[in-house]
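Per-entry structural report
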Amino acid sequence: MSKLLDDLSGHFRAIIDGLGEDPDREGLQDTPMRAAKAMQFLTCGYQQDLGDLVNNAVFESAMDEMVVVQDIELYSMCEHHMLPFIGKCHIAYLPAGKVLGLSKFARIVDMYARRLQIQENLTRQIAEAVESVTGAKGVAVVIEAQHMCMMMRGVEK
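Residues numbered from 1 in each chain as written. Predicted model: local features only at pLDDT ≥ 70, side-chain atom pairs only at ≥ 80, totals over all residues. Heavy atoms only, no water.

In this section: the sheet that holds strand β3 (residues 84-94). Sheets are built from strands that pair by backbone hydrogen bonding, the pairs being arranged parallel or antiparallel. Spatially, β5-β2-β3-β6 is the arrangement adopted by the four strands of the open sheet, whose pairing is mixed. Both outer strands of the open sheet, β5 (116-117) and β6 (138-147), are each paired with one neighbouring strand and no more. Helix α4 (residues 102-113) contacts β2 (67-78), β3 and β5 of the sheet and is inclined by roughly 20 degrees relative to β2. (Pairing = 2+ DSSP bridges. Helix = DSSP H or I, 4+ residues; strand = E, 2+ residues; numbered from the N terminus. Contact = heavy atoms within 4.5 Å. Axes fitted to C-alpha atoms, helices over the stretch in contact; angles between N-to-C directions.)

Next comes the structure, spelled out in structure tokens:
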């Protein structure tokens, strides 16, 4: 086990105990480590690098019309409540001599979504990443998401 996983597991154990539950109860004994591993996965975008992710999948192209990639699934965590938001991302860009391999759009979305986020920053980060690796004349990103922080608590919408 890594120190990070051990630390996170200890924190989740303390949360369970703080809620008045018994962390040694049969159903909860392994929960702190499972939650730690889940949190590590859900925030693995911090350990990723855009250059490594794109891996030279930028290609010369005479295409000068808008390219649109729609319905990229995304799963992220609200930085205010640490609850999920789930949705679709749509990316459009105007190539300037270079295009990006199709699978890289989903990987870019995942890299930034797997961090503590707000939707507004996620949208901007994706757009800036696509622009920086392609040199596009323009990039537009639209995210449609359901925010559990709104749906499960508070306004419940």
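Resuming the write-up.
Moving on: the state of the cysteines. Per the counting criterion, the structure on display carries zero disulfides. Unpaired in terms of disulfides, C44 finds its nearest cysteine sulfur in C89, a separation of 17 Å. Classification of C44 as partly exposed rests on a relative accessible area of 21%. Take C149: it sits in no disulfide, and the sulfur closest to it among the cysteines is that of C78, at 3.9 Å. With relative accessibility at 9%, the residue C149 sits in the buried group. (Disulfide = S-S within 2.5 Å. Buried < 20%, exposed > 50% of the residue type's maximum accessible area, 1.4 Å probe, protein only.)

A general tendency of soluble globular proteins is for nonpolar side chains to be buried together. Core analysis: the biggest nonpolar cluster contains 29 residues, and L50, C89, I91, I108 and I126 have the highest contact counts within it. Apart from the residues lying within four places of it in its own chain, the contact partners of I126 are C89, I91, I108, V109, Y112, V141 and I143. (Core = buried A, V, L, I, M, F, W, Y, C linked by side-chain atoms within 4.5 Å.)

Below, the discussion takes up a nonpolar patch on the surface. A contiguous nonpolar patch, built from M66, V68 and L94 and spanning about 260 Å² of accessible area, is present on the exposed surface. Tracing the chain through its elements places L94 in strand β3. Residue classification places L94 among the partly exposed residues on the basis of a relative accessible area of 33%. (Patch = residues over 30% accessible without salt bridge, like charges linked within 9 Å, V, L, I, M, F, W, Y side chains within 5 Å. Areas by Shrake-Rupley, 256 points an atom, 1.4 Å probe, with all protein chains shown as cover. Salt bridge = Lys/Arg side-chain N within 4 Å of Asp/Glu carboxyl O.)

Right, let's talk about the pairing of β2 for a bit. Looking at chain direction, β2 and β3 are connected through nine bridges and run antiparallel. Looking across to β3, one finds that E73 is bridged to K88. Note that β2 and β5 share two bridges and pair parallel. Counterpart to C78 in the pairing with β5 is Q117.

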